Structures are given as structure tokens and as C-alpha cells.
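Coordinate analysis (summary)
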Number of protein chains: 2
Amino acid sequence: MLNKTYTKYIQSLHNKKSRDVEGVFIGEGTKVVVELLQTRQFLCKDVLCTKKWFDENNNLIGKYFDEELKIIEDFELEKISALTTPNEVLAVFAKKGSTEPSLKGNISLMLDTIQDPGNLGTIIRIADWFGIENIICSNGTADMYNPKVVQSTMGSLARVNVVYKDLPEWLEENKDVKIYAATLEGTPIKEINIKEGIILIGNESKGVSNELLNRADENITIPKIGNAESLNAAVATGIILSHIC
Amino acid sequence: MLNKTYTKYIQSLHNKKSRDVEGVFIGEGTKVVVELLQTRQFLCKDVLCTKKWFDENNNLIGKYFDEELKIIEDFELEKISALTTPNEVLAVFAKKGSTEPSLKGNISLMLDTIQDPGNLGTIIRIADWFGIENIICSNGTADMYNPKVVQSTMGSLARVNVVYKDLPEWLEENKDVKIYAATLEGTPIKEINIKEGIILIGNESKGVSNELLNRADENITIPKIGNAESLNAAVATGIILSHIC
């Protein structure tokens, strides 16, 4: 049985402010929880699950988590879950410190105010698929520890280094890095060959800001054949990386 | 002022059953409403908007909609909206009859039980971007008139022909069509050249069903460099089409 204080504590972690104060975040669902445990990138503070989940999956995480799992009722899970359809398990992890991205010889991603948590999570998952190690986000980008981001990364959160920066300032300090901005007009992605540098993806509705566009070394584009006005930011990221990587 | 009966009527359109009975669906937000009106693919039955929206956008849709717009209050819009953050305008459109897809000389999409409405909407938008005219969905795929699908198509719904079929039956009747199934193992997309046929995309967690896999002429794959277990279905669709189209 979950007490009121702990219920409120977990609920508070749905919000960035509390996550920042507490230094922890929540992950939900078997895939996310098990992967985050197995990669040993985030210290696990607590696992709360239904009796059914415990019976079926306890063996999956036993060696990655020493403490006792908290068995809770469905209605209790519903109360603390950030999902519309709560899964059978929820875990609390400590956030980790970010590492300065190492860009030499690599392709990295830079996100200019990606606001939709689902998009950010999907982009982290795409980065993991294509072996991209670093994502540099503007401070206005969704929080990587937002439950919806964690959910849509499907475990990839543990394998990609995500950092938040004041982008104009950071670029000022990193003048030698080549920036390729994804725009609606530019060099078609089939015609370029990028071995090192940063792919810059813009906001869902406004695209890349003018300030950052001015700093870009080259604009790149996904040629359009039909009539849609734009592509979803995560889809565009996937397409660009699939041609470059 | 919206009366109770009409409020309930619009709310009922959040559900597929009512949409099927009434033969109508709702679209929300300036971009979606204006595009659906301008393409003249769906008969518009009603437009409900805030006073502010009316003053700013009435001229945009005047020539596409003869009848009087219904000015409503913010709290009324909130009641009838299917969005978490209601936009300033909501319109009711008549569904259209689907056309038998013409496959000759074309690349088409086939979706095997895509369940997430956001994914389906994003795939329709991707199809529109790459000039794909037809999407053949299994009966278990999300409803194209689900408000979240309509929302995430961003207006592309009017430009892509989406039909629902019993896929095994339909394939039995269309034995000459080449089927390329997107799977985790198969011919890398950079190595194939497809001029005509159907790209088959599977369910978000289960992939393409065995029954359909057996019918496929070739399995195609997006080579993985990193460690993510899979890619989001809409992202995979975008990547595949970007290499083929």
C-alpha cells in the first residue's frame, strides 16, 4: 500500500521543477524500465510494480536491482503514472550528469527548440539507431527526463548523451564545428557527403531560428515530390541521418 | 451559445462508432481546417470558432464555405475539442467515399495494424510529401478520421487516398502486385531500386504479421549502426520512402 506522501512525491516528478529539485525521474513500462536498469547508466532508486508484473518479470531485473520491489495495486499505479494507459511497472531513477560532447570525427545532432516530448524521445531513439552519440539541445527544448520523452526513447536514453546549452553562446565557443542546418531549401541530402559535423534540426513549426541559420555552414534539405508543407521534425531527422550515416 | 444537444453531438464524434453512424468527422486548428476547406475534398458541414479567430481568419475561408460560422466561447470550444490544448477553430466535415487504389506504375503504402493515431497521421503526411497517392490499411489500423490522426496529417488527409481492407483477402485478389515488407532483416534500402509496388509497414511493436510476410516478394531493411532495438513506424516509413522516391 502506497502512502499519501510517496504518492504525491511520484506525482510531483511529472513536472520538470520537481525533477530538477529531486534529481530523479520516472520511467514506465517493462521495456523502458528493464533497459534503463540493464545499461546501468542511471542509479535506480525504486521499482513499483503490480503483483502480476513481479511474478512474470522479477527475474529480468533481479541482478540489476538489489532492493525490494514495491508491489502495488492497479489503482495505485494509475494514480502515480504519467501515462494515459498505465503500464505494470514504474521505476524512479537518478538523473545523471551530462558529459561534454566529443565532436571530433563524429556526426552529432543539435536541436533548436524541439517542444514536443514525443518528438524529442523519438529523435533520441533515432540517434541511438544510427550510432549518433551526442545531442546538443537548446535550453528551450523539451526536458529529456519528461515522462513522455523517457517513454518514447524506448530505452535509448541510456545510450545517447543529451546536453542542454545556450546554443548561440555554445556556437560562439565552438567556431570550428561545421553546422548543417535542415531547411526547406538547401542542398539535397542525396548530394552531400558529411563525415564530421553537426546536423541542426529546427522547431516543429518555426524551423531553425534565423540567428542559428546565419551561423550554419550549409543548408540541407529533403527534396519534396508531393504537396505536404513540411515533415515532422523526428521523421526529418531520421531521413537525414539515414542518408548521411 | 452552443446548446447541449449540439455539444454532445460534437463530443460523440471523438468516437469512431459515432463518426461511422453520422458519416462526419472533426478537424481542429487553423492549418487543418483551412487546408481541408481549400482542397475541397470534404464537404464542410459546420465551422465553430472563437470571436478572435473569426476576426483574424474569416477572410481565409470565406470563399470555401458559404454558410455562417458559429462564434463560440473559449469554454465551449474546450468542451467539444478532442485536443488537450484546444485550438481556436473546429470544423465538421463529411467523410468521403474511398476510391479503389490505382497501383499501376506507382509506389503505394500498406499498413499492417498501425495502432497509434499520431503514427498514422504522420505517415499520411509523409506519403503526401513523397507524392504517394494510396495507402491501403488493414482493418485493425487506426481510423483515418480519428481527431488525432486528422490533427497530425496537418491537412495532408485531403491529398492521399486512404482505404481499409482485409489485407490477406485483398492480396489474394491482387497477386501480381509486388510487396516489399519493411523488416529488421532484409535487403538494405540503399541497395534496392523499386519503381512500382507496395511498401508494407508493420505494427508498432509486433512488426509485419507472419501471414503477410509469407506473401511478401522481398524484405527490405534500414541498416542499424547503433543499439536501438527498432525505429518508430512513421520514421521508418519516411526513411524508406526517401530512399525509394
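Since the structure is predicted, the reported quantities are computational estimates derived from the model, not experimental observations.

Rules used throughout
Residues numbered from 1 in each chain as written. Chains lettered and ligands numbered in written order. Predicted model: local features only at pLDDT ≥ 70, side-chain atom pairs only at ≥ 80, totals over all residues. Heavy atoms only, no water. Pairing = 2+ DSSP bridges. Helix = DSSP H or I, 4+ residues; strand = E, 2+ residues; numbered from the N terminus. Contact = heavy atoms within 4.5 Å. Axes fitted to C-alpha atoms, helices over the stretch in contact; angles between N-to-C directions. Least-squares fit on C-alpha atoms with pLDDT ≥ 70 in both. Buried area = accessible area lost by both parts, 1.4 Å probe. Salt bridge = Lys/Arg side-chain N within 4 Å of Asp/Glu carboxyl O. Polar contact = N/O pair within 3.5 Å; in protein donor to acceptor, adjacent residues only side chain to side chain. Nonpolar A, V, L, I, M, F, W, Y, C, P; charged D, E, K, R; others polar. Expected span 1.5 Å × (residues − 1). Buried < 20%, exposed > 50% of the residue type's maximum accessible area, 1.4 Å probe, protein only. Parallel < 35°, antiparallel > 145°, perpendicular 65-115°, else oblique. Left-handed = near helix turned anticlockwise from the far one by under 90°. Core = buried A, V, L, I, M, F, W, Y, C linked by side-chain atoms within 4.5 Å. pLDDT = per-residue confidence, 0-100.

**Considerations on the sheet that holds strand 3 (residues 70–71) of chain A**
All names here are of chain A. Spatial strand order, 1-4-2-3: four strands in an open sheet with mixed pairing. Two strands close off the open sheet at either side, each with one partner strand: strand 1 (24–28) and strand 3. In this structure, strand 2 (residues 44–49) lies alongside strand 3, joined through two bridges in parallel fashion. For C49, the partnering residue across the bridge sits in strand 3 and is I71. Strands strand 1, strand 2 and strand 4 (89–94) of the sheet are contacted by helix 3 (residues 30–38), whose axis makes an angle of about 35° with strand 4.

**Re the relation of the copies chain B and chain A**
Two copies of the chain are present, and they differ by a rotation about an axis and a shift along that axis. With an RMSD of 0.0 Å, the operation that places chain B on chain A is a rotation of 180° combined with a shift of 0.0 Å along the axis. Between the two chains, the operation in question is that of a two-fold axis. Interface residue correspondence from chain B to chain A reaches 100%, placing this contact among same-surface, isologous pairings.

**As for the interface of chain B and chain A**
On the chain A side, the residues contacting the 31 residues of chain B number 31 residues. Carbon and sulfur atoms make up 62% of the surface buried where chain B meets chain A, a total of about 2,700 Å² over both sides. Between K31 of chain B and E229 of chain A there is a salt bridge, with the nearest N and O atoms lying 3.1 Å from each other. At the junction of chain B and chain A, the tally comes to 23 residue pairs in polar contact (both at pLDDT 80 or more). Elements with a contribution of two residues or more to the side of chain B that touches chain A: helix 3 (30–38), helix 6 (117–129) and helix 10 (233–244) of chain B. Here the side of chain B that touches chain A is composed, by residue class, of 13 nonpolar, 10 polar and eight charged.

**So, helix 10 (residues 233–244) of chain A**
All names here are of chain A. Between its first and last C-alpha, helix 10 extends 17 Å over 12 residues, near the 16 Å set by a 1.5 Å rise per residue. Within helix 10, 12 of the 12 residues are buried, which leaves it mostly tucked inside the rest of the structure. Every buried residue belonging to helix 10 is among A233, A234, V235, A236, T237, G238, I239, I240, L241, S242, H243 and I244, and all of these are buried. For helix 10, the N-terminal capping position is held by N232, with its side-chain oxygen 2.8 Å away from the main-chain nitrogen of A234.

**Observations concerning the sheet that holds strand 9 (residues 197–201) of chain B**
All names here are of chain B. Strand order in this open sheet of six strands is 7-6-5-9-8-10, and the pairing throughout is parallel. Both outer strands of the open sheet, strand 7 (161–165) and strand 10 (218–221), are each paired with one neighbouring strand and no more. Averaged over neighbouring strand pairs, the angle between their axes works out to 35° when direction is ignored. For strand 8 (residues 179–188) and strand 10, the ladder comprises five bridges, and the chain directions are parallel. Bridging across to strand 10, P188 finds its partner in T221. The strands that helix 10 touches are strand 5 (107–111), strand 8, strand 9 and strand 10; relative to strand 9, the one it contacts most, it runs at about 155°.

**Regarding the packing of helix 3 of chain A against helix 4 (residues 51–61) of chain A**
Residues and elements named next belong to chain A. Their axes nearest at 10 Å, the elements helix 3 and helix 4 cross at an angle of 25°. As the angle between them shows, helix 3 and helix 4 are arranged roughly parallel. Every pair of crossing elements has a handedness; the one defined by helix 3 and helix 4 is right-handed. Contacts from T30, V34, L37 and Q38 of helix 3 reach helix 4 at W53, N57, L60 and I61.

**What to know about the side chain of S152 of chain B**
Here S152 of chain B is to be found in helix 7 (residues 147–153). When near neighbours in sequence (up to four residues on either side) are disregarded, S152 of chain B contacts P117, G118, G121, T122 and R125 of chain B.

**A few points about the nonpolar core**
Grouped together as the largest cluster of nonpolar side chains are 118 residues, with contacts concentrated most on I135 and I199 of chain A together with I135 and I199 of chain B. If we skip the residues at most four places from it in the chain, I135 of chain B touches L109, L111, I123, I124, A127, V160, N161, V162 and V163 of chain B.

**Here's the deal with the packing of helix 10 of chain A against helix 10 of chain B**
The N-to-C vectors of helix 10 of chain A and helix 10 of chain B enclose an angle of 45°; their axes lie 8 Å apart at closest approach. Relative to helix 10 of chain B, helix 10 of chain A is oriented oblique. Helix 10 of chain A and helix 10 of chain B meet at a crossing whose hand is right-handed. On the side of helix 10 of chain A, the interface is formed by A234, V235, G238, I239, S242 and H243 of chain A, while helix 10 of chain B contributes A234, V235, G238, I239, S242 and H243 of chain B. Of the residues assigned to the contact of helix 10 of chain A with helix 10 of chain B, the class counts are six nonpolar, six polar and no charged.

**A word on the confidence of the model for chain A**
Looking at chain A, the pLDDT average stands at 95 and 100% of residues meet or exceed 70. The complex model carries a pTM of 0.94, and its ipTM stands at 0.93.

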